[in-house]
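# A look at the structure
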Amino acid sequence: MLKKVGAAFVLLVAAVLGGAFLIPAKVEVSRSVTIAAAPEAVWPFLEDLRKFNEWQPWLSRDPNVVMEYGDATVGLGATYSWRSEQRNVGVGSMTITELEPMRRVRSHMVFEGQGEADADLTLQADGSSTTVTWTYFGDAGMNPIGRYFNLAMDGMLGGDFETGLRNLQGLLAAAPPPASPAEGSAAVE
């Protein structure tokens, strides 16, 4: 009887591990929002990590989070790290690794004890509005647990992306419109 239970357990473990390799290793989570602002108004909130942290949703979960910015906080190579006792914030770092001005920012994130991932923030002008898309790219590789975890990633990140994009939309709605060149100077007669 004990041998049968042991054999059944081994078969179950083998099926679970083998089944993991039927799940794709790569995962992508994406959300978009249309903002009533030109790309020029939105762009600083994507390429400047200090401004990014004004609207991204995770840091608001822990008022005691410790932030450290690198020498550069804007543009290619900009970096920051965070440390939180809150499990849903954790410890990690983010670096801007690719930049297409007014179009796309790619960041690489390292989550201590949890792995690494990349994310894109892209802009698409649409008349006087801009569609901002936030996309997460993960790769579990040969890790069977990571592959199962990928099945839940959309549910875990999608709502946070939606919250962050709404925060960004609200920030830009509250910001005064940029002054036209004529408004900033006195008329000469």
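The following paragraphs examine the structure supplied in this document.

The rules behind the values
- Residues numbered from 1 in each chain as written.
- Predicted model: local features only at pLDDT ≥ 70, side-chain atom pairs only at ≥ 80, totals over all residues.
- Heavy atoms only, no water.
- Helix = DSSP H or I, 4+ residues; strand = E, 2+ residues; numbered from the N terminus.
- Contact = heavy atoms within 4.5 Å.
- Areas by Shrake-Rupley, 256 points an atom, 1.4 Å probe, with all protein chains shown as cover.
- Core = buried A, V, L, I, M, F, W, Y, C linked by side-chain atoms within 4.5 Å.
- Buried < 20%, exposed > 50% of the residue type's maximum accessible area, 1.4 Å probe, protein only.
- Pairing = 2+ DSSP bridges.
- Phe/Tyr/Trp six-rings, centres within 6.5 Å; stacked < 30°, edge-to-face > 60°.
- Lys NZ or Arg CZ within 6 Å of the ring centre and 35° of its normal.
- Salt bridge = Lys/Arg side-chain N within 4 Å of Asp/Glu carboxyl O.

## A short note on the overall build of the chain
In terms of helices and strands, the chain carries six helices and seven strands. Ordered by position in the sequence, the α and β elements of the chain form the string α-β-α-α-α-β-β-β-β-β-β-α-α. Restricting to contacts in the chain with at least 6 residues of sequence separation, those with at least 24 account for 53%. When the accessible area of the chain is evaluated, it comes to approximately 11,500 Å², of which 58% is carbon and sulfur surface.

## Looking at the nonpolar core
The biggest cluster of nonpolar side chains holds 35 residues, and the ones touching the most others in it are Val42, Leu46, Trp55, Val132, Trp134, Tyr136 and Leu168. Residue contributions to this core peak at six residues, all from helix α6 (residues 153-174). When near neighbours in sequence (up to four residues on either side) are disregarded, valine 132 contacts Arg31, Ser32, Val33, Ile35, Val42, Leu121, Thr122, Leu123, Leu165 and Leu168.

## Focus on the pairing of strand β5 (residues 104-111)
One ladder, built from eight bridges, connects strand β4 (residues 91-100) with β5; its direction is antiparallel. By the bridge assignment for β5, glutamate 98 is matched with arginine 106. The antiparallel hairpin formed by β4 and β5 contains three residues in its connecting segment, where methionine 102 sits at a positive phi of about 65 degrees. Looking at chain direction, β5 and strand β6 (residues 115-126) are connected through eight bridges and run antiparallel. Within β6, the residue paired with arginine 106 across the bridge is aspartate 120. Counted between consecutive antiparallel strands, the loop separating β5 from β6 contains three residues, among which glycine 113 sits at a positive phi close to 75 degrees.

## Quick notes on the packing of aromatic side chains
One pass over the full model with this rule turns up nine aromatic pairs. With a centroid separation of 6.1 Å and an interplanar angle of 85 degrees, the aromatic rings of phenylalanine 52 and tryptophan 134 are classed as edge-to-face. Of this pair, phenylalanine 52 sits in helix α4 (residues 49-55) while tryptophan 134 is found in strand β7 (residues 129-139), placing the two residues 82 residues apart along the sequence. Considered together, phenylalanine 52 and tryptophan 134 belong to a single accessibility category, that of buried residues. Ring geometry for tryptophan 58 against phenylalanine 161: centres 6.3 Å apart, planes inclined by 70 degrees, an arrangement best described as edge-to-face. Taken together, the residues span a long stretch of sequence, with tryptophan 58 in the loop between α4 and β2 (66-69) and phenylalanine 161 in helix α6 at a distance of 103 residues. Three or more aromatic residues link up through ring pairs in this structure, and these residues are Phe52, Trp55, Trp58, Trp134 and Phe161. One residue, arginine 50, lies across the ring of tyrosine 69, its end atom 4.0 Å from the ring centre. For the cation-ring pair, lysine 51 lies above phenylalanine 45, with the distance from its terminal atom to the ring centre recorded as 5.1 Å.

## Some remarks on unusual backbone geometry
Among all residues except glycine, the phi angle is most often negative; among peptide bonds, the trans geometry is most common. Of note in the backbone geometry, methionine 102 takes a positive phi value of approximately 65 degrees without being a glycine. Mapped onto the elements, methionine 102 comes out in the loop between β4 and β5. Classification of methionine 102 by relative accessible area gives partly exposed; the value is 33%.

## Section: the pattern of salt bridges
Counted by the stated rule, this structure contains eight salt bridges. Between arginine 31 and aspartate 154 there is a salt bridge, with the nearest N and O atoms lying 3.1 Å from each other. Pair noted here: arginine 31 is in strand β1 (residues 26-35) and aspartate 154 is in helix α6, with a separation of 123 residues, a long-range link. For the salt bridge of arginine 61 with aspartate 160, the shortest nitrogen-to-oxygen distance reads 2.5 Å. Pair noted here: arginine 61 is in the loop between α4 and β2 and aspartate 160 is in helix α6, with a separation of 99 residues, a long-range link. The exposure class assigned to aspartate 160 is buried, which follows from its relative accessible area of 13%. Taken together, the salt bridges that share partners define one network made up of Glu98, Glu100, Arg103, Arg104, Arg106 and Asp120.

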